[in-house]
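Descriptive structure summary
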Amino acid sequence: MKLRTGLIIIACLALAGCGSSAGTWGWYVIDPRTTSGYNNIGFLLNGFGATIVLSLIAAFLSMLIGLLVVLPGMSANRWIRLPSRIYIEFVRAIPLLPMLFWVFYGLPVVLKSMGINVSIDAFWGAVITLAISDSAFTAEIYRSGIQSINKGQTEAAKTVGLNYQQTMRYVILPQAIKRILPPLANQFIYIVKMSAFASVIGMQELTRRANELVVTEYRPLEIYTLLILEYLVLVLIISFFVRWLERKMGSDESKV
Amino acid sequence: MSNSGTAIEISQLNKWYGTYHALKDINLTVKHGERIVVCGPSGSGKSTLIRCVNSLEEHNSGTITVDGIEMKDAASINEIRSEVGMVFQQFNLFPHLTILQNLTLGPMKSRGMSKKDAEERAMGYLERVRIPDQAHKKPSGLSGGQQQRVAIARSLCMEPKIMLFDEPTSALDPEMISEVLDVIVDLAEDGMTMICVTHEMGFARRAADRMIFMDHGEVIETGTPEEFFEAPKSERCQQFLSQILQH
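Overview of the structure. Here the structure is a predicted model, which is why all the values come from computation and not from measurement.

About the cut-offs
- Residues numbered from 1 in each chain as written.
- Chains lettered and ligands numbered in written order.
- Predicted model: local features only at pLDDT ≥ 70, side-chain atom pairs only at ≥ 80, totals over all residues.
- Heavy atoms only, no water.
- Helix = DSSP H or I, 4+ residues; strand = E, 2+ residues; numbered from the N terminus.
- Rg over C-alpha atoms; globule rule 2.2 N^0.38 Å.
- Contact = heavy atoms within 4.5 Å.
- Pairing = 2+ DSSP bridges.
- Axes fitted to C-alpha atoms, helices over the stretch in contact; angles between N-to-C directions.
- 1 Å grid on protein atoms, 1.4 Å probe; cavity = no way out; pocket = protein on both sides within 12 Å on 5 of 7 lines; lining within 4 Å.
- Points joined across faces, edges and corners; volume = space filled by probe spheres on them.
- Buried area = accessible area lost by both parts, 1.4 Å probe.
- Salt bridge = Lys/Arg side-chain N within 4 Å of Asp/Glu carboxyl O.
- Polar contact = N/O pair within 3.5 Å; in protein donor to acceptor, adjacent residues only side chain to side chain.
- Buried < 20%, exposed > 50% of the residue type's maximum accessible area, 1.4 Å probe, protein only.
- Expected span 1.5 Å × (residues − 1).
- Bend = angle between axes of the 7 residues up to and from the residue.
- Nonpolar A, V, L, I, M, F, W, Y, C, P; charged D, E, K, R; others polar.

1. Here's the deal with the overall build of chain B
Counting its regular elements, chain B contains nine helices and ten strands. Over its C-alpha atoms chain B spans a radius of gyration of 18 Å, differing by no more than 12% from the 18 Å that the globule rule assigns to 247 residues. In terms of principal-axis extent, the alpha carbons of chain B reach across some 55 × 45 × 40 Å. Intrachain contacts of chain B at a sequence separation of at least 6 include 66% that bridge at least 24 residues.

2. A look at the sheet that holds strand β3 (residues 35–39) of chain B
All names here are of chain B. Ordered in space as β6-β7-β8-β3-β9-β10, the six strands form an open sheet in which the pairing is mixed. Pairing within the sheet leaves two strands with one partner each, and these edge strands are β6 (84–87) and β10 (218–223). Adjacent strand axes in the sheet meet at a mean angle of 20 degrees, parallel and antiparallel pairs treated alike. Relative to strand β9 (residues 210–215), β3 is paired through four bridges, and the arrangement is parallel. By the bridge assignment for β9, Cys39 is matched with Phe213. Sheet strands in contact with helix α9 (residues 235–245) are β3, β9 and β10, and its direction is about 100 degrees off that of β9.

3. So, the layout of surface pockets
Over the atoms, a rolling probe the size of a water molecule traces out where space has been left empty. Taken as a whole, the largest pocket spans an internal volume of roughly 990 Å³. Along its surface, the largest pocket is lined by 32 residues, and Thr154(A), Lys158(A), Asn163(A), Tyr164(A) and Arg81(B) are the ones closest to its centre. Residue assignment for the lining of the largest pocket shows that the elements contributing at least two residues are α6 (122–147), α7 (151–159) and α8 (164–194) of chain A together with α2 (74–81) and α3 (99–111) of chain B.

4. So, the interface of chain B and chain A
One frequent convention defines the size of an interface as the accessible area lost when the parts assemble. Across the contact, 20 residues belong to chain B and 18 residues belong to chain A. A combined buried area of about 1800 Å² lies between chain B and chain A, and 62% of that area is made up of carbon and sulfur atoms. When the area that chain B buries against chain A is broken down by residue, the three leading residues are Phe94(B), His96(B) and Lys109(B), summing to 29%. Here chain B is connected to chain A by one salt bridge. The shortest N-O distance in the salt bridge between Glu155(A) and Arg51(B) comes to 2.6 Å. Across the chain B-chain A interface, the total number found is seven residue pairs in polar contact (both at pLDDT 80 or more). Sorting the residues of the side of chain B that touches chain A by element identifies β6 and α3 of chain B as the ones contributing at least two each.

5. Observations regarding the side chain of Arg51(B)
Mapped onto the secondary structure, Arg51(B) falls in helix α1 (residues 46–53). Residue classification places Arg51(B) among the buried positions, given a relative accessible area of 9%. Of the polar contacts made by the side chain of Arg51(B), one reaches the side chain of Glu57(B); its length is 3.1 Å. In contact with Arg51(B), other than residues within four places in its own chain, are Lys151(A), Glu155(A), Leu56(B), Glu57(B), Met86(B), Phe88(B) and Asp166(B).

6. Some words on α3(B)
In a regular helix each residue adds 1.5 Å, so 13 residues correspond to 18 Å; α3(B) covers 19 Å between its end C-alpha atoms and thus fits that length. Along α3(B), the largest kink reaches about 30 degrees and is centred on Leu105(B); proline Pro107(B) follows within four residues of it. For α3(B), the elements touching its buried residues are α8 of chain A together with α4 (115–128) and α5 (144–156) of chain B. Directly beyond the C-terminal end of α3(B), a positive phi value near 70 degrees is found at Gly112(B).

7. Points about the sheet that holds strand β2 (residues 20–31) of chain B
Residues and elements named next belong to chain B. Pairing in this open sheet of four strands is antiparallel, and the strands run β2-β1-β4-β5 from one edge to the other. Only two strands of the sheet have a single partner each, and these edge strands are β2 and β5 (69–70). As judged from the two bridges shared by strand β4 (residues 61–66) and β5, these two strands associate in the antiparallel manner. The partner of Thr65 across the bridge, within β5, is Glu70. Against the sheet, α1 contacts β1 (6–17), β2 and β4, and its axis sits at roughly 120 degrees relative to β1.

8. Details of empty space enclosed by the protein
All names here are of chain A. Under the counting rule described, the total for this entry stands at one cavity of 30 Å³ or more. The calculated volume of the largest cavity comes to roughly 30 Å³. At the level of elements, α5 (96–113) and α6 are the ones that each hand at least two residues to the lining of the largest cavity. Top element by residues in the lining of the largest cavity is α6. It accounts for three residues. Here the residues of the lining of the largest cavity sort into seven nonpolar, two polar and no charged.

9. Regarding the side chain of Ser135(A)
Residue and element names in this part refer to chain A. Tracing the backbone through its elements, the reader meets Ser135 in helix α6. Residue Ser135 is classed as buried on the basis of its relative accessible area of 0%. Here Tyr87 takes part through its side chain, which lies 2.7 Å from a polar atom of the side chain of Ser135. At a separation of 2.7 Å, a polar atom in the side chain of Ser135 contacts the main-chain carbonyl oxygen of Ile132. Those residues in contact with Ser135 that sit more than four places away from it in its chain are Ser62, Ile65, Gly66 and Tyr87.

10. Quick look at unusual backbone geometry
All names here are of chain B. Despite not being glycine, Phe91 shows a phi value in the positive range, around 65 degrees. Here Phe91 lies in the loop between β6 and α3. Of note, the phi angle at His216 is positive, near 50 degrees, even though the residue is not glycine. For His216, the location among the structural elements is in the loop between β9 and β10.

11. Some points on the pattern of salt bridges
Counting across every chain of the model gives 26 salt bridges over all chains. The salt bridge partner of Glu140(A) is Arg92(A), with a shortest N-O separation of 3.6 Å. Highlighted residues: Glu140(A) in helix α6 and Arg92(A) in helix α4 (residues 78–93), separated in sequence by 48 residues. With a closest N to O distance of 3.4 Å, Glu159(B) and Arg121(B) form a salt bridge. Of this pair, Glu159(B) sits in the loop between α5 and β7 (162–166) while Arg121(B) sits in helix α4, placing them 38 residues apart in sequence. Relative accessible area serves as the criterion here: at 43%, Glu159(B) is assigned to the partly exposed category. The exposure class of Arg121(B) is partly exposed, given its relative accessible area of 22%.

Following this line, the structure appears as structure tokens:
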């Protein structure tokens, strides 16, 4: 904790120091005291909404897909297990950027050849890609959470006459959710950071806006510094929430 | 409860774990109302045997018939499980539910009982195991002995004809063993058919009609507690008894 505070103070001093040597830094581009600086900041901060909405929808879809993948993935039958295994291995192996290009530029063509005429805009292209790419990890988080519940719980449920669905619903999932939620929230941080890739297909989120401003202002150092700070604040807020969640779940665990 | 007729019929039962032969040609008949204690060194297959009775372990060959139902498909297994209650070494209570919810879950979800009826029944059995005042606590708030008594009550709420006990006192502190055994003896005196895997020989003398000694997946010796303790026939059984009765 002390180390972190120290580092933050040093970082602030360094930035402030850089600001004073006007030769290399040009903070004027984002100086809120000037009209253009003020407008520029507004322009950059306006990306927050898109980044957050994009991340939230992608995370939600990823949780949904993960659930659809994990349930057959835990079947006792290996042939039912197989497709889910293949999906996870396949999706995990594809880098996000190529997948994003494929979904944005390729998928509409594939759909069109199948007679489905939809255009995928930058927003949905990014949502679909992030959701699919993340869903493999979500599924693994679900699986490890469910499998971490002692086998004795399933056996006890069987002896009081519960079937598989009832065992899952009333015995296993209520216990597993406490172990699933913290890593799932952590995974959300990954989505937020990866959402920056959406900028390359023209999605107007934080990174895209920074790029556009850099092109007009020729001040990459200052603008990208601010961009990083924007992500930093966003991720710190989420990780604060994750920490709180872990504490809450953890204390609950010891109480039961 | 009738004291005639066959509760459990096991014949030529074999169980393998990979290449390990865990149960070898087991034959066992349990009459209604009979109380059986199974003992033997660890790894002898005693837990595996009783876990086969309600199909927590699948056997590889042989037949198991419980209360006239032959175990063959999922439907017959469900039917058998509804006749058989089980108490585990590690209690296996549901930690996220209160004691009362632990007891009512089965009757409500698998038997479709109303909440009111299930709770009434649950309170009845909690009184029987002498902990009605703990009904609204979570399992972690109870001592080991109390948790195991709750586990017994949870099984009884399903009103089984047969109870299986898999080393019910092995995970307990010494001072809590007797409170659990008293409850089991109480059930035995009520005429419940039961198979109990345990090393508590005092309890076996008090409650058992028949002793079964197992070693290396085989039934080595069976007999009344008198025969078994006073005059064990096989050498392995004598050795085992001298080891566990020493202290």
